[in-house]
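Working through the structure, step by step
Single-letter residue listing:
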2 protein chains.
Amino acid sequence: MSISQALTPHDVRIQCRTKTFTAPSTAGLCPGYSQANVIILPNKFAADFRLLCARNPVSCPLLGETKPGNPQVPKALATDSDVRSDCPSYNIYRDGVFVQQKESIEKEWRDDSVAFFIGCSYSFEAALAKNGLTPRHVQLGRAVPMYKTKYRLCPAGVFGGHMVVSMRPYRLADLERVRNITRPFVKTHGEPVAWGPEGAKSLGITDLDGTNPDFGDPTEIQDGEIAVYFGCGVTPQLSVMDSGISGEVVGHTPGRMLMLDIKDEDVCVSF
Amino acid sequence: MSISQALTPHDVRIQCRTKTFTAPSTAGLCPGYSQANVIILPNKFAADFRLLCARNPVSCPLLGETKPGNPQVPKALATDSDVRSDCPSYNIYRDGVFVQQKESIEKEWRDDSVAFFIGCSYSFEAALAKNGLTPRHVQLGRAVPMYKTKYRLCPAGVFGGHMVVSMRPYRLADLERVRNITRPFVKTHGEPVAWGPEGAKSLGITDLDGTNPDFGDPTEIQDGEIAVYFGCGVTPQLSVMDSGISGEVVGHTPGRMLMLDIKDEDVCVSF
């Protein structure tokens, strides 16, 4: 076990807060612990955003939210955690356009800010690894590759847009095992939404060899493997960007998540 | 108020049970009361079906289910109701193929049968009517027109397939009011999923004048109106048909629902 794998989620958050976190992504960190996508909105959009999550739970599984103006992450998700500093980095958007990446967002946090925490598919990767199905990007020490798709979300008030998916290559013979292992993780995207060339086509994904994703890092699809696509927590970030709402919105940098104290089994259901 | 509108949901269920129900559909019956789509499966598929509903709540909002082998509708939904007789009619499918329509299904109900109750968009029609937006098919005394779409569901175990939508024509100027009125009905499909020619295109619907729906009755789209599409509880029925599971499956006949004792406000959330 490497040193980074021995860190606790709290250790990682403190590294982020003290700006000493250096890994390119949080993939594979703290195996067994959940990670969260973060999006921070003015409170006036909170009701529509909650509804977006409720109507699109596979790509937008809402784990929790802060009180308006209070940057403390809910204790049910992480203790002693400040959402303004505890992600490795943040993407700042203005009027839907990316402005800059920052390591902390004390200046951007406002009295009416609400931070939402969305489940992350990294959360089922320990379960996959335990079954000999370690995702390729973990083996390569990279962020998972992510794609914009043409799969339309069910709109909710001002929010709409399209699903983002993460991709992991697997042999077709392993597909049903991958589906079965990920199925219980209903709060972290669960089983795949599509797979193989037909799945890519239905999603409108043309990067069939995994070398040119829209977010995250390129991966390697080996001979005999197919692309397997999962709902991705970057979806709500893109939905917010595409919604045309004006003003400033902050999200975590894709692939660089907030580490939570809850464990993967806490986001599972029994079957 | 016509005589049929003065009936209670229990009255309608008794009419169905005694085979004296004669209306073509349950649209517009018992204003303010909810109605349910019904699908009856062998228990071995129940877990996958619940997950299909959880992953696709806009088209498959699960209101409740029976105990395996017990045909009593949960009291929380309807008192003194037997799912084998209390819908106006049922569609019987074998190996995914429609076999026949029946008025009761005592013979088809088995020891391992589980009936699932799915929210129905008829449930928000009273709210629309109250705001001067009575759906056209209610004005015409018909079932709502429904369409198969190319919108893929998030698969869940053995189940997958595509969303079915119901369609109501409205003037573009009324669209935001229609969205706002239907939004709170989160357990009965809620706000529209798409609208207008672009919406039809994204769903793969080519019947732009409403005269040739896949289920239900034709409607009339008047000058200046656009088609507005809502998630539809026939979706899970079609998903089950398309799943390739073998054996017998029973659903209500589209447009001819189970009348519930719960009221529309019981399936609403506050905003």
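Rules of the game
- Residues numbered from 1 in each chain as written.
- Chains lettered and ligands numbered in written order.
- Predicted model: local features only at pLDDT ≥ 70, side-chain atom pairs only at ≥ 80, totals over all residues.
- Heavy atoms only, no water.
- Buried < 20%, exposed > 50% of the residue type's maximum accessible area, 1.4 Å probe, protein only.
- Helix = DSSP H or I, 4+ residues; strand = E, 2+ residues; numbered from the N terminus.
- Pairing = 2+ DSSP bridges.
- Contact = heavy atoms within 4.5 Å.
- Axes fitted to C-alpha atoms, helices over the stretch in contact; angles between N-to-C directions.
- Phe/Tyr/Trp six-rings, centres within 6.5 Å; stacked < 30°, edge-to-face > 60°.
- Lys NZ or Arg CZ within 6 Å of the ring centre and 35° of its normal.

**Some details on the pairing of strand 5 (residues 113–119) of chain B**
All names here are of chain B.
- Burial runs high along strand 5: seven of the seven residues are buried.
- Here strand 5 shows two buried faces, one formed by S113, A115, F117 and G119 and the other by V114, F116 and I118.
- Relative to strand 5, strand 1 (residues 33–42) runs antiparallel, the two being bridged by seven bridges. By the bridge assignment for strand 5, V38 is matched with F117.
- As paired elements, strand 2 (residues 62–65) and strand 5 share three bridges and run antiparallel to each other. Paired with E65 across the two strands is F116, which belongs to strand 5.

**Points about the sheet that holds strand 9 (residues 225–231) of chain B**
All names here are of chain B.
- Strands sit in the order 6-7-9-8 across an open sheet of four strands; the sheet is antiparallel. The open sheet has two edge strands with one neighbour each: strand 6 (146–152) and strand 8 (194–195).
- Sheet topology places strand 6 next to strand 7 (residues 162–171); four bridges connect them, and they run antiparallel. By the bridge assignment, K148 is partnered in strand 7 with V164.
- Relative to strand 9, helix 6 (residues 175–182) is tilted by about 20 degrees, and along the sheet it contacts strand 7, strand 8 and strand 9.

**Concerning the packing of aromatic side chains**
- Tallying each qualifying case throughout the model produces 15 aromatic pairs over all chains.
- For the pair F45(B) and F159(B), a centre-to-centre distance of 6.3 Å together with 70 degrees between the ring planes defines the contact as edge-to-face. With F45(B) in the loop between strand 1 and helix 3 (46–55) and F159(B) in the loop between strand 6 and strand 7, this residue pair connects regions lying 114 residues apart in the sequence. Residue F45(B) shares its accessibility class with F159(B), and that shared class is buried.
- Both rings, one in F124(B) and one in F185(B), keep their centres 6.1 Å apart while their planes meet at 70 degrees; by these two values the pair is edge-to-face. Remark: F185(B) occurs in the loop between helix 6 and strand 8 and F124(B) occurs in the loop between strand 5 and helix 4 (125–130); sequence separation between them is 61 residues.
- Sitting over the face of the ring of F230(A), R168(A) holds its NZ or CZ atom 4.9 Å from the ring centroid.

Such coordinate-based values are descriptive only and should not be taken to indicate function.
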